[in-house]
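Listed below are the residues making up each chain.
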Amino acid sequence: MRRGFGRAGAFLVLLAANPSAQHLDVPATLSREEGRAAYERSLGWLVEKQNEDGSWAVGVLDGLLELGFSIESFYSWQVAANALACMALREAPPTPARTAALERGFAWLEQTRSPKRGSDWDIDYVWGGLFGFAAATELAADARFKQGDRPARVARVGQRYFAILAANQVPEGGWGYYDDPIFSRRPKWATSFSTATVLPGLKRAEELGWIEDAGIRSRATRYVSQCALPNGAYAYDLAVIPWVGGDSINDVKGSLSRIQACNWALFAVGEKKITLDRLRAGLELLFEHHRFLDVAYMDPVPHEAYYYNSGYFYLFGHYYAAKVIELLPAPEREGWHARLRPHLVKVMRADGASTDFLTSGYMQVAGTAFSALALGLGLPPEAQPVEKLAR
């Protein structure tokens, strides 16, 4: 377990002693061995922290910094975090403990009730729909979920969470998590990055026969595409006249995470304007201006940092950066992953957990899952012993 700990271990010790450790200088790259050691810790945390019923965290307020949201939002965030944990375990090298945790986590997603709209303005239940649906589309591609009655079960889960999306797609095509006055059954506000999370999943669901209306994906793709700005950033939300200039969130420095999510999503569904060179340029911007995400990390006030960055942009953006890297030609991927790993490992706690905004249970689960997913994408599968292959 200690092999490859090296510099990564030093980061963890410093972080445990100093909550400002995320601002320390880090090496330009970390090796696969160092990345794998951190990856194993994050997966271990997810397995260890799973509840007896298969869930992670709790669906109620468990801190003092999130007062004011609807009661239902906390359950909705738990559902989203549980879906991310299942995605991380699905991608992990299988062990008996991880497979058992994945099966229990899926069973919980299947059996738990669907999130509901929390209030007139607070529709954070959409996050449960977004990541619950995304998780189902990924599980559908897993050989372990293609046997017996599992394909039908996964399809029911996917269609159940898709129903939340179908009911909340704004007329322009995107998904958001708040509504504006005059409040309406179908909300009117969306964001580029939340919409991007499900574009490839929508395409996959169409291929699986879960969705008959291809116009849903077409409208969502157009929404994200129209958020692209000439400066290389993506607008936070679609506006006739986007706010640009000064310290706008729509500056590249405020869009570092959105660039990764939106570029990945549009490329994955075949948008021709998103080229390999554009993917590379977006990654370079992430590394060039990374300090703006560092400053926002763990700030409990949303959008308080420069260029309106929020702490919760951090791990989300690094996960989608790892997915962007996987779209590039194979020979160049390791060079990019090696540059990404230090920014994941430096904010990982000694026990393998990661969070970037609050210490709420759902944030720790989601953050750890994002970190595990990002690290895992940059690691080749470990060679299986000959005797296992022979079976």
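One can find the structure itself at the top, above this paragraph.
Residues numbered from 1 in each chain as written. Predicted model: local features only at pLDDT ≥ 70, side-chain atom pairs only at ≥ 80, totals over all residues. Heavy atoms only, no water.

A.B. asks: Would you explain the nonpolar core in this entry?
C.D. replies: Side chains that are nonpolar tend, in soluble globular proteins, to be buried together. Judged by nonpolar contacts, the single largest core of 118 residues is most densely connected at Phe131, Phe133, Trp175, Leu202, Trp210 and Tyr234. Take this core: its biggest share by element is 13 residues, from helix H3 (residues 71-91). (Core = buried A, V, L, I, M, F, W, Y, C linked by side-chain atoms within 4.5 Å. Buried < 20%, exposed > 50% of the residue type's maximum accessible area, 1.4 Å probe, protein only. Helix = DSSP H or I, 4+ residues; strand = E, 2+ residues; numbered from the N terminus.)

A.B. asks: In this structure, what is going on with the layout of surface pockets? I would like to understand it.
C.D. replies: Empty pockets left among the atoms are what a rolling probe the size of a water molecule brings to light. The space that makes up the largest pocket amounts to roughly 890 Å³. If you trace the largest pocket, you find 47 residues lining it, with Tyr39, Glu91, Ala92, Gly376 and Leu377 closest to the centre. It is helix H8 (residues 199-208) that provides the largest number of residues to the lining of the largest pocket, a total of five residues. Of the voids in this model, the second largest pocket is the one considered here, and its volume is about 700 Å³. If you trace the second largest pocket, you find 32 residues lining it, with Trp77, Trp127, Tyr312, Tyr362 and Met363 closest to the centre. Those elements that provide at least two residues to the lining of the second largest pocket are H3, helix H5 (125-139), helix H10 (256-268), helix H13 (313-325) and helix H15 (361-377). The biggest single contributor to the lining of the second largest pocket is H15, with five residues. Split into classes, the residues belonging to the lining of the second largest pocket amount to 25 nonpolar, three polar and four charged. (1 Å grid on protein atoms, 1.4 Å probe; cavity = no way out; pocket = protein on both sides within 12 Å on 5 of 7 lines; lining within 4 Å. Points joined across faces, edges and corners; volume = space filled by probe spheres on them. Nonpolar A, V, L, I, M, F, W, Y, C, P; charged D, E, K, R; others polar.)

A.B. asks: Mind showing me how you'd approach the side chain of threonine 221 here?
C.D. replies: Structurally, the position occupied by threonine 221 is in helix H9 (residues 215-226). Judged by its relative accessible area of 9%, threonine 221 falls in the buried class. Discounting chain neighbours no more than four positions away, the residues touching threonine 221 are Leu199, Leu266, Val269 and Glu271. (Contact = heavy atoms within 4.5 Å.)

A.B. asks: Would you take a moment to explain helix H11 (residues 276-288) for this structure?
C.D. replies: Since the α-helix turns once every 3.6 residues, residues separated by three or four places project in the same direction. The end-to-end C-alpha distance of H11 is 18 Å, a good match for the 18 Å that 13 residues give at a rise of 1.5 Å each. Turning to H11, its buried residues number three or more, namely Leu279, Gly282, Leu283, Leu286 and Phe287. Down the axis of H11, the smallest arc covering the buried residues is 140 degrees, so these residues share one side. Looking at the buried positions of H11, the neighbouring elements they touch are H10, helix H12 (291-296), H13 and helix H14 (330-345). (Expected span 1.5 Å × (residues − 1). Arc of directions from axis to C-beta.)

A.B. asks: Teacher, can you tell me more about helix H6 (residues 150-168) here?
C.D. replies: Along its 19 residues, H6 runs 28 Å from first to last C-alpha, staying within 8% of the 27 Å computed at 1.5 Å per residue. Against the buried residues of H6 lie H3, helix H4 (96-111), H5, H8 and H9.

A.B. asks: Explain the pattern of salt bridges here, please?
C.D. replies: When charged atoms on two side chains of opposite charge get close, those side chains can pair. Going through the model one piece at a time under the given rule, you end up with 20 salt bridges. Here aspartate 142 ties to arginine 90 by a salt bridge, and the two come within 3.4 Å at their closest N and O atoms. In this pair, aspartate 142 is assigned in the loop between H5 and H6 and arginine 90 in helix H3, connecting sequence segments 52 residues apart. When the shortest N-O distance is used, the salt bridge between glutamate 332 and arginine 280 registers 2.9 Å. With a gap of 52 residues between them, glutamate 332 in helix H14 and arginine 280 in helix H11 connect regions that are remote in the sequence. Given a relative accessible area of 23%, glutamate 332 falls into the partly exposed group. Connected through shared salt-bridge partners, Arg90, Glu91, Glu138, Asp142 and Arg144 make up one network. (Salt bridge = Lys/Arg side-chain N within 4 Å of Asp/Glu carboxyl O.)

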